Amino acid sequence: MKRKREMEKESEIQSAIEELSMLIQLKTSDNHGAALIPTRPFLYVCNLVIQVLDKIGPTMAVLRQDINQNVERIELQCDSDPSLYSNLVEILKKEADEGNARKGTSCSKAFVWLTRSLDFTVALLQRLVKNPDQEMEEAVKDSYNITLKPWHGWISSAAYRVALKLIPDTKSFINLLKPKDENTETLIEDMETFISLLVPILEEIHPTLVG
């Protein structure tokens, strides 16, 4: 993990790129051929996503809280045996073997929802990369509709519809994401790099998810 002083020099996107690169290196260096999702780097990327969502403001409060609770649930399990559970797949296997994977309070469910939250983040950033002038409200709404809405009940969906009215404009959001000395073009390049690193990981995860 980075020291706070170092983090302050980077944007959340840049920090996430470094963590994803580390995660990919760990997966590549595993010579046993077994499934591997390094737990700590994965959760750290999720925490950085929370910081990105914070830039959107109160609209993402529900999603932010969900991500935070799911991260904490997996962290707690990881802390119970850091050596074994340094691979998130071992946590999922344990719950599957015990028949607990589909329980609402399981780490498996937490992992499913964290993955969906990452799907939402990718979808949103892809839209902003493709069209930096798109209205944020429209970008968030479209991203939500294809990633999270199919899994949400009417209460959660209604909360998002109300919260959409609180979204900042695109220019303000972009400026919030940038370090002070970075231009928009560099941020867009960082977003493209983040997407290119995260999408293959999500594509590998999706077939394994327990609904």
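About the cut-offs
Residues numbered from 1 in each chain as written. Predicted model: local features only at pLDDT ≥ 70, side-chain atom pairs only at ≥ 80, totals over all residues. Heavy atoms only, no water. UniProt positions renumbered as here; feature names shortened; annotations may be inferred. Helix = DSSP H or I, 4+ residues; strand = E, 2+ residues; numbered from the N terminus. Rg over C-alpha atoms; globule rule 2.2 N^0.38 Å. Axes fitted to C-alpha atoms, helices over the stretch in contact; angles between N-to-C directions. Parallel < 35°, antiparallel > 145°, perpendicular 65-115°, else oblique. Left-handed = near helix turned anticlockwise from the far one by under 90°. Contact = heavy atoms within 4.5 Å. Buried < 20%, exposed > 50% of the residue type's maximum accessible area, 1.4 Å probe, protein only. 1 Å grid on protein atoms, 1.4 Å probe; cavity = no way out; pocket = protein on both sides within 12 Å on 5 of 7 lines; lining within 4 Å. Points joined across faces, edges and corners; volume = space filled by probe spheres on them. Nonpolar A, V, L, I, M, F, W, Y, C, P; charged D, E, K, R; others polar. Core = buried A, V, L, I, M, F, W, Y, C linked by side-chain atoms within 4.5 Å. Phe/Tyr/Trp six-rings, centres within 6.5 Å; stacked < 30°, edge-to-face > 60°. Lys NZ or Arg CZ within 6 Å of the ring centre and 35° of its normal. Arc of directions from axis to C-beta.

- Per an unreviewed UniProt entry, the chain carries the name Glycolipid transfer protein domain-containing protein and comes from Manihot esculenta.
- Of the chain, the UniProt comment under Sequence similarities (unreviewed entry) reads exactly: "Belongs to the GLTP family."

### Some thoughts on the overall build of the chain
Then, in step 1: The secondary structure content of the chain amounts to 10 helices and zero strands.
Then, in step 2: Secondary structure elements in the chain, listed N-terminal to C-terminal, are α-α-α-α-α-α-α-α-α-α.
Then, in step 3: Taken over C-alpha atoms, the radius of gyration comes to 17 Å for the chain, in line with the 17 Å a tight globule of 211 residues would show.
Then, in step 4: Here the C-alpha coordinates of the chain stretch approximately 50 × 40 × 30 Å along the principal axes.

### Thoughts on the packing of helix α3 (residues 39–56) against helix α4 (residues 61–80)
Packed helix pairs are specified by the crossing angle of their axes together with the interaxial distance, meaning the distance between the axes.
Then, in step 1: Look at α3 against α4: their axes get within 10 Å of each other, and the N-to-C directions meet at 160°. With respect to α4, the element α3 is oriented roughly antiparallel. Every pair of crossing elements has a handedness; the one defined by α3 and α4 is left-handed. Side by side, α3 and α4 meet where Thr39, Arg40, Leu43, Cys46, Asn47, Val49, Ile50, Leu53 and Asp54 of the first sit next to Leu63, Arg64, Ile67, Asn68, Val71, Ile74, Glu75, Cys78 and Asp79 of the second.

### Considerations on the side chain of threonine 121
Then, in step 1: If you trace the backbone, threonine 121 turns up in helix α6 (residues 107–130).
Then, in step 2: Taking relative accessible area as the criterion, threonine 121 reaches 4% and is therefore assigned buried.
Then, in step 3: Those residues in contact with threonine 121 that lie beyond four places of it in its chain are Val49 and Phe194.

### Here's the deal with empty space enclosed by the protein
Then, in step 1: A full pass over the atoms with the stated rule returns one cavity of 30 Å³ or more.
Then, in step 2: The computed volume of the largest cavity comes to approximately 30 Å³.
Then, in step 3: Every residue along the wall of the largest cavity is listed here: Glu12, Ile13, Ala16, Leu48, Val49, Val52, Thr121 and Phe194.
Then, in step 4: When residues of the lining of the largest cavity are traced back to their parent elements, those giving at least two are α2 (12–29) and α3.
Then, in step 5: Taken together, the residues of the lining of the largest cavity break down into six nonpolar, one polar and one charged.

### Describing the nonpolar core
Then, in step 1: Counting 60 residues, the largest nonpolar core has Phe42, Ile67, Ile74, Phe120 and Phe194 as its most contacted members.
Then, in step 2: For this core, the secondary-structure elements that each account for two or more residues are α2, α3, α4, α5 (88–98), α6, α7 (136–147), α9 (170–177) and α10 (184–205).
Then, in step 3: Those residues in contact with phenylalanine 194 that lie beyond four places of it in its chain are Ile13, Ala16, Ile17, Leu20, Thr121 and Leu125.

### Some words on the packing of aromatic side chains
Aromatic ring pairs are defined here through the distance separating the ring centres and the angle between the ring planes.
Then, in step 1: If you walk through the whole model with that rule in mind, you get one aromatic pair.
Then, in step 2: If you follow arginine 116 out to its NZ or CZ, it ends over the ring of tryptophan 113, 4.6 Å from the centre.
Then, in step 3: For the cation-ring pair, arginine 116 lies above tryptophan 151, with the distance from its terminal atom to the ring centre recorded as 3.7 Å.

### Regarding α5
Then, in step 1: Taken together, the buried positions of α5 are occupied by Leu88, Val89, Ile91, Leu92 and Glu95. All buried residues of α5 fall inside an arc of 155° around its axis, so they share one side.
Then, in step 2: Following α5 by one or two positions, glycine 99 adopts a phi angle in the positive range, close to 75°.

### Focus on the side chain of glutamine 134
Then, in step 1: Here glutamine 134 shows up in the loop between α6 and α7.
Then, in step 2: Dropping the residues within four chain positions of it, glutamine 134 is found in contact with Arg127, Ala139, Asp142 and Thr170.

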